[in-house]
Amino acid sequence: MNDMMLLIEPLIPPLRRYARALVKDHATADDLVQDCLERAITRWHQRRQDGDARTWLFTILHNLAVSHMRQNRRRGSHLTLDDGVDEAMIARPATQEDALHHADVMQALQTLPEDQRSVLLLVSVEDLTYAEAARVLDIPIGTVMSRLARAREKLLQKMEGAPAQEAAKGGATIHRPAFGAGIFRRVK
Amino acid sequence: MNAGRPITEEDFQAYVDHALDERRREEVEEYLSTHPDAARRVAAYTAQREALRAALAPIAEEPVPDHLNLARLVEARQHRQARSWLSGPGAGPWRNIAAAVALVLIGGAGGWSMHGITAGKASMNPESMLTQEAMDNYRVYAADAVRPVEMHAGEQEQLLRWVSQRLDRKVAVPDLSASGYRFMGGRLVATAHGPGAMFFYDDSSGNRIAMLVRPMKHDGDAPMTEHQKDDVGGVTWCNRGMGYSLVADASAQALHPLADEARRQLRTKI
């Protein structure tokens, strides 16, 4: 039991970060983490001894998040007006400039397809190795690499394209079809 | 690493992620020093990686909320295990009754509107209706992050006593652990044909499958049939008047071996 506490507890903050970057809504993200932790507690003795706890927990959380997102999609769009970017997600910015930058990168991240977003987050933010990410996502390493390359390229285009697009519209509200259900985002 | 091995796109990604060994990293750096376009792109990826990490870092620095406190979660689980269904039902059953009432109301309304739709064409056969009920309940409960089951695996005996009493039939739970699915527990659910028992299982990655059990109007057997609706697949069969539908967020085909195993066990248990 102590063993479990020592291994799982330090992983809770990264798990929350991954969940929130995937599903955005704070309460939902934490519910997913709670569900993940409860499963981990229940099945601690069943986990594969050769796999490490971090990959195991991220696998559980990822599957829960994906199944949650799928359920939402099936129900039709659950996106709401304020679903564009969650300002609270960019917590405690050092400067105004940082805040803007963070908002941009988070906004761009949300335009990526779910499979690219998860690869990018697991590798770039959570520091999983390519092999670990492949285990979490249950895909070959080659697929991890190609999704990662596509995700980075797409994110780059979004980030570089965004300011020009906003300037062209003269700072009015702009339509972002990439968000799906016709979401309008207020531009600063 | 062979010297002179061509530089690939994967090398660029691994360079950004600090995943190259020193020798390869030097080779990539050498390449980038003479290829400004690639260098610009790799620099942009690196900046992007840093921006993502910086934007998300504060989340991991937040204090962990109480409901994610591991010690509490462990304690809550031990409490649940120790608690007997009969000696201390707590708030659970009442919440479940409220949910069942709500489902009956929804089911009733759905059943009525379905009546009009299906009246025109050949009506659904009993197995299709059972599958539909299993899928509907699966969508509601398997997606529930907080309380997918009303009674946990540790309370299996009480759970079976309860649902057997409500269904007025002996109900048994197949053990699918040999196929990698752990029994999570179950609950009583509402169907258009009265109460049903739903059992949930999950695998080591957290994928959930469920089996709905309820008495059928006919007393006989029905062979296994596969059903698919969007992402949810189901395999349904009847044995001596009891209907079973195994459903999951998977193809019906993939579920078939599990259904075979469940049916084999249920035939010997009941």
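As recorded by an unreviewed UniProt entry, chain B carries the name Anti-sigma factor and is attributed to Nitrospirillum viridazoti CBAmc.

As annotated in an unreviewed UniProt entry, chain A carries the name RNA polymerase subunit sigma and comes from Nitrospirillum viridazoti CBAmc. Its UniProt record gives chain A a comment under Sequence similarities (unreviewed entry), which states: "Belongs to the sigma-70 factor family. ECF subfamily."

> Would you mind going over the overall build of chain B with me for this structure?
Along its length, chain B carries eight helices and seven strands. Out of the 270 residues in chain B, the part that is buried amounts to 34%. The contacts in chain B between residues at least 6 apart in sequence include a share of 55% that link residues at least 24 apart.

> Sorry, what's going on with the sheet that holds strand E6 (residues 232-239) of chain B here?
Residue and element names in this part refer to chain B. Taken together, the seven strands give an open sheet; going across it, the order is E1-E2-E3-E4-E7-E6-E5, and neighbouring strands pair in antiparallel fashion. The strands lining the two open edges of the sheet, one partner per strand, are strand E1 (151-152) and strand E5 (222-229). Sheet topology note: the E6/strand E7 (residues 242-248) ladder contains seven bridges and is antiparallel. The residue bridging Gly233 from the neighbouring strand is Ala248, located in E7. On top of the sheet, helix H7 (residues 156-167) reaches E1, strand E2 (182-191), strand E3 (194-202) and strand E4 (208-215); it is set at about 25° to E2, its chief contact. Its contacts with the sheet place helix H8 (residues 252-269) against E4, E5, E6 and E7, and it is angled at close to 25° to E6.

> It is not clear to me how the nonpolar core should be interpreted in this structure. Could you clarify?
The nonpolar side chains of soluble globular proteins are, as a tendency, buried together. Formed by 49 residues in total, the largest nonpolar core has its most connected members in A:Ala19, A:Cys36, A:Leu57, A:Leu61 and A:Ala133. Counting only elements with at least two residues in this core, the list comes to helix H2 (12-23), helix H3 (26-42), helix H4 (53-74), helix H5 (96-110), helix H6 (114-125), helix H7 (130-137) and helix H8 (141-168) of chain A together with helix H3 (36-61) of chain B. Every residue in contact with A:Cys36, bar those within four places of it in the chain, is listed here: A:Leu15, A:Leu57, A:Ile60, A:Leu61 and A:Leu64.

> Got a minute to help me understand the confidence of the model for chain A in this structure?
Caution applies to low-pLDDT parts of the model: their predicted coordinates are not meant to be read in detail. Residues and elements named next belong to chain A. A residue-level look at chain A finds 68% of positions with pLDDT of 70 or above and a mean pLDDT of 77. Summarising per-element confidence for chain A, the mean pLDDT is lowest in strand E2 (residues 183-185) (34) and highest in H6 (96). Residue range residues 77-94 is modelled with pLDDT below 50. Its contacts to residues more than four positions away, or to other chains, number 30 contacts. Predicted confidence is poor over residues 164-188, with pLDDT under 50, and the contacts of this stretch with residues over four places away or in other chains come to 25 contacts.

> What is the right way to read the interface of chain B and chain A from this model?
Often, the extent of an interface is quoted as the loss of accessible area on bringing the components together. Contact with chain B, which involves 38 residues of that partner, is made by 53 residues of chain A. The set of elements that each furnish at least two residues to the side of chain B that touches chain A consists of helix H1 (9-16), H3 and helix H4 (70-82) of chain B. When residues of the side of chain B that touches chain A are assigned to their parent elements, the largest contribution, 13 residues, is made by H3(B). For the side of chain B that touches chain A, the residue count by class is 20 nonpolar, seven polar and eleven charged.

> Would you mind going over the environment of B:Asn239 with me for this structure?
Residues and elements named next belong to chain B. Counting through the fold element by element, Asn239 comes out in strand E6. Exposure remark for Asn239: the 15 C-beta atoms within 10 Å place this residue in the partly exposed category. With residues up to four places along the chain from it excluded, the contact list for Asn239 reads Asp221, Arg263, Leu266 and Arg267.

> I'm lost on the pairing of E2(B) in this one. Help?
Along any regular strand the residues' side chains alternate between the sheet's two faces. Residue and element names in this part refer to chain B. Of all ten residues making up E2, nine are buried, and the element is well covered by its neighbours. Relative to E2, E1 is paired through two bridges, and the arrangement is antiparallel. Bridge pairing in E2 links Met151 to Gly186. With nine bridges joining them, E2 and E3 adopt antiparallel strand pairing. Bridge assignment links Arg182 to a residue of E3, and that residue is Asp202. Counted between consecutive antiparallel strands, the loop separating E2 from E3 contains two residues.

Analysis parameters
Residues numbered from 1 in each chain as written. Chains lettered and ligands numbered in written order. Predicted model: local features only at pLDDT ≥ 70, side-chain atom pairs only at ≥ 80, totals over all residues. UniProt positions renumbered as here; feature names shortened; annotations may be inferred. Helix = DSSP H or I, 4+ residues; strand = E, 2+ residues; numbered from the N terminus. Buried ≥ 20, exposed ≤ 12 C-beta atoms within 10 Å, placed from the backbone. Contact = placed C-beta atoms within 7 Å. Pairing = 2+ DSSP bridges. Axes fitted to C-alpha atoms, helices over the stretch in contact; angles between N-to-C directions. Core = buried A, V, L, I, M, F, W, Y, C linked by C-beta atoms within 7 Å. pLDDT = per-residue confidence, 0-100. Nonpolar A, V, L, I, M, F, W, Y, C, P; charged D, E, K, R; others polar.

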